[in-house]
Amino acid sequence: MGKAAVVRAFGEIRAALAVLNAEVGAVVDGAGAVPFSVADPLAGLADGCLEILAGSREVEAGIAAVKARAAVGYAESAAAVAGPDVPVQAQEMAVAAEIGCVLALGPRAAGSFLATSHAVTATLPRTLEALQAGVISWSHAVVMADETACLDAAGAAALEAHFLDPDAPDRARGCPVGQLPAHRFKAKARTWRERQQAGSIEQRHAKGVADRRVEFRPDQDGMAWLSAYLPADQAQAGWNRLTAAARGMQGPDEGRTMTQLRADTFANAILTNGTTVNDARLGAGTDQQSPIRAQVLVTVPVFSLMGQTDEPAMLDGYGPIPPSMARELVAGGAGSFYRVLVDPRDGAPLEIGRTSYRVTKAMRSWLRMRDGKCPFPGCCNNSLDNDADHILAWAKGGTTGISNLGQPCPKHHKLRHTTGWKPTPATKNEPPGWTSPTGRHYQSEHQDWEPTQWPPGWPSGFLPEDRNKPGESSLLEDALLQHLAV
């Protein structure tokens, strides 16, 4: 590739950008020579803008792949030119500094960009291919590089295949990762990685516990941040309790938002004995329990609960937790944690606690477990904040069954009933997708349930057909529940 070819290619790109800019201006101003739709010019204008956005996203991804390959190519050629006498660390700093200056990045950002570029081009071929094709964004590639950094080559290839190979036997379900916001992809990738590295989660958790702390950071406008690094069960329970207390304060005479109520409740709890002013509902400590109780699902593989495997459990709203933490939550009878046992054959739930087994409360819990969070694309509101909602309205013949229920957060619940956004059909195990006012369909993010680990010596001959008639327990379920004495 010669310099003239590069100059010519970028000249063509700039010419294409000029055409797109002119077209965008014509579309927005309504002055285009050829409308996107003769039958409905206004709807055509809206659709045309979305087409331009979609195309821009793909092109940006392709450009990101070109930048990554060019950065690595520069680093390798610069190292060769510098020769062996230049210290490695100094050479890396020099390369990052040059790239930073060219891309107008600071030293840390330039180093991070170069590290991700190396990972994508050298060890993540599926990621590079997806980036070049415009299937994923650079932000998704960064997540993939970060989540595979601690894996060996086989582990990295397995993670890539799980999320990017449509023919993989255990591929990720639901919305393709390239259509997820990068932060949601990171949550799914982290969950997968923790499951595959189950043997080390206890050691890593122990180190995290040793590093627990509270941090204070000043901000502008007379404000500051106060945050705590805590074990996940404590942090999740605290957050859910704040949410429950704040929700209990809402009413026609309460002008504060949920966010403000959480902040005020938190401040009151740490600055007083927790029982004054607006926070009488939130007790001062663990001995004085709030009557408003947030129930959190803890999905525990049965053999992990029995201590026969080291497979992580799943804490609703957080992700994988060490099996020891899950066992403590279940054994301690933590009232705000709701145990879910998992079938080792296919990862499906066995039951949701005897106190609400196959009753209305269990149906709501099943819905929370199926969706994990608000099913609207990209939304992070976990299931505790969400409402059960009929997909096909009851007044129009809809039933109150899992397959006709979604659990959108309040914001997207309102969006569904006040705009043209509509949920698509769901199933017992899959949340609804969404159709936009323009007719575009967007898949929902799905939970990636997987078969759990079988410990040595257990009869693996229990098959899915061991289940009895609908409404009856399976032979495996009965055996496990008897063993656990629930």
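Remember, predicted model here, so these are calculated numbers, not experimental data.

1. A word on empty space enclosed by the protein
Gaps between atoms show up when a probe of the same size as a water molecule is rolled over them.
Reasoning step 1: If you walk through the whole model with that rule in mind, you get one cavity of 30 Å³ or more.
Reasoning step 2: Approximately 30 Å³ is the volume attributed to the largest cavity.
Reasoning step 3: Looking at the largest cavity, the residues that line it are Asp389, Ile391, Gly406, Pro408, Arg416, Pro423, Pro432 and Trp434.
Reasoning step 4: Looking at the lining of the largest cavity residue by residue, the classes come out as five nonpolar, one polar and two charged.

2. Thoughts on the sheet that holds strand 11 (residues 434-435)
Sheets are built from strands that pair by backbone hydrogen bonding, the pairs being arranged parallel or antiparallel.
Reasoning step 1: Pairing is antiparallel in the open sheet, where three strands are placed in the order 10-11-12. Looking at which strands have only one partner, the edges of the open sheet turn out to be strand 10 (422-423) and strand 12 (441-442).
Reasoning step 2: Direction of pairing for strand 11 relative to strand 12: antiparallel, over a ladder of two bridges. Paired with Thr435 across the strands is His441, a residue of strand 12.

3. Thoughts on the pairing of strand 1 (residues 213-218)
Along a regular strand, successive side chains alternate from one face of the sheet to the other.
Reasoning step 1: Judged by how many residues are buried, strand 1 sits mostly at the surface: zero of six residues are covered.
Reasoning step 2: The pairing of strand 1 with strand 2 (residues 224-229) spans six bridges and is classified as antiparallel. Bridge pairing in strand 2 links Arg217 to Trp225.
Reasoning step 3: The hairpin turn running from strand 1 into strand 2, its antiparallel successor, is five residues long, and Asp221 in that turn takes a positive phi close to 60 degrees.

4. What to know about the environment of Gly73
Reasoning step 1: Counting through the fold element by element, Gly73 comes out in helix 2 (residues 41-82).
Reasoning step 2: When the C-alpha atoms of Gly73 and Ser117 are compared, they prove to be 10.0 Å apart, with 44 residues separating the residues in sequence.

5. Some details on the pattern of salt bridges
Reasoning step 1: Inspection of every chain in the model, using the stated rule, returns 13 salt bridges.
Reasoning step 2: One salt bridge in this structure joins Glu51 and Arg440, with 3.1 Å as the shortest N-O distance. With Glu51 in helix 2 and Arg440 in the loop between strand 11 and strand 12, this residue pair connects regions lying 389 residues apart in the sequence.
Reasoning step 3: A salt bridge links Glu147 to Arg193; its shortest N-O distance comes to 2.7 Å. Of the two residues, Glu147 sits in helix 6 (residues 138-148) while Arg193 sits in helix 8 (residues 182-196), which places them 46 residues apart along the sequence.
Reasoning step 4: Since its relative accessible area comes to 4%, Glu147 is described here as buried.
Reasoning step 5: Judged by its relative accessible area of 12%, Arg193 falls in the buried class.

6. A few points about unusual backbone geometry
Reasoning step 1: Positive phi outside glycine occurs at Ala104, with the angle close to 60 degrees.
Reasoning step 2: As for its placement among the helices and strands, Ala104 is situated in the loop between helix 3 (88-103) and helix 4 (107-123).
Reasoning step 3: Of note, Asp221 is a non-glycine position whose phi angle comes to about 60 degrees, a positive value.
Reasoning step 4: Inspection of the secondary structure assignment puts Asp221 in the loop between strand 1 and strand 2.

7. Notes on the side chain of Asn404
Reasoning step 1: Tracing the chain through its elements places Asn404 in the loop between strand 8 (389-390) and strand 9 (405-406).
Reasoning step 2: Residues contacting Asn404, with those up to four places away along its chain left out, are Asp389, His390, Ile391, Leu392, Gly398 and Thr399.

8. Section: the confidence of the model for the protein chain
Reasoning step 1: Per-residue confidence for the protein chain gives a mean pLDDT of 78, with 75% of residues at or over 70.
Reasoning step 2: Mean pLDDT per element in the protein chain: helix 16 (residues 475-484) is the minimum at 52, and helix 5 (residues 125-132) is the maximum at 96.
Reasoning step 3: This model gives residues 275-294 a pLDDT under 50, and the stretch forms 43 contacts once residues within four places in sequence are excluded.

9. Examining helix 15 (residues 410-418)
Reasoning step 1: For helix 15, the full list of buried residues reads His412, His413 and Arg416. Within helix 15, the buried residues cover an arc of 110 degrees as seen down the axis, which keeps them to one side. In helix 15, the exposed residues that point more than 90 degrees away from the buried face are Lys411, Lys414 and Thr418.
Reasoning step 2: For helix 15, the elements touching its buried residues are strand 8, strand 10 and strand 11.

10. Some details on the packing of aromatic side chains
Reasoning step 1: In the structure shown here, the tally under the stated rule is five aromatic pairs.
Reasoning step 2: Centre to centre, the rings of Phe113 and Trp138 are 5.4 Å apart; their planes meet at 50 degrees, and the pair counts as tilted. One end of the pair, Phe113, is in helix 4; the other, Trp138, is in helix 6, and 25 residues separate them in sequence.
Reasoning step 3: Residue classification places Phe113 among the buried positions, given a relative accessible area of 10%.
Reasoning step 4: Where Phe376 meets Trp421, the ring centres are 5.0 Å apart and the plane angle is 65 degrees; that geometry is what we call edge-to-face. Placement of the pair is Phe376 in the loop between helix 14 (360-371) and strand 8 and Trp421 in the loop between helix 15 and strand 10, with a sequence separation of 45 residues.

What counts, and at which threshold
- Residues numbered from 1 in each chain as written.
- Predicted model: local features only at pLDDT ≥ 70, side-chain atom pairs only at ≥ 80, totals over all residues.
- Heavy atoms only, no water.
- 1 Å grid on protein atoms, 1.4 Å probe; cavity = no way out; pocket = protein on both sides within 12 Å on 5 of 7 lines; lining within 4 Å.
- Points joined across faces, edges and corners; volume = space filled by probe spheres on them.
- Nonpolar A, V, L, I, M, F, W, Y, C, P; charged D, E, K, R; others polar.
- Pairing = 2+ DSSP bridges.
- Helix = DSSP H or I, 4+ residues; strand = E, 2+ residues; numbered from the N terminus.
- Buried < 20%, exposed > 50% of the residue type's maximum accessible area, 1.4 Å probe, protein only.
- Salt bridge = Lys/Arg side-chain N within 4 Å of Asp/Glu carboxyl O.
- Contact = heavy atoms within 4.5 Å.
- pLDDT = per-residue confidence, 0-100.
- Arc of directions from axis to C-beta.
- Phe/Tyr/Trp six-rings, centres within 6.5 Å; stacked < 30°, edge-to-face > 60°.

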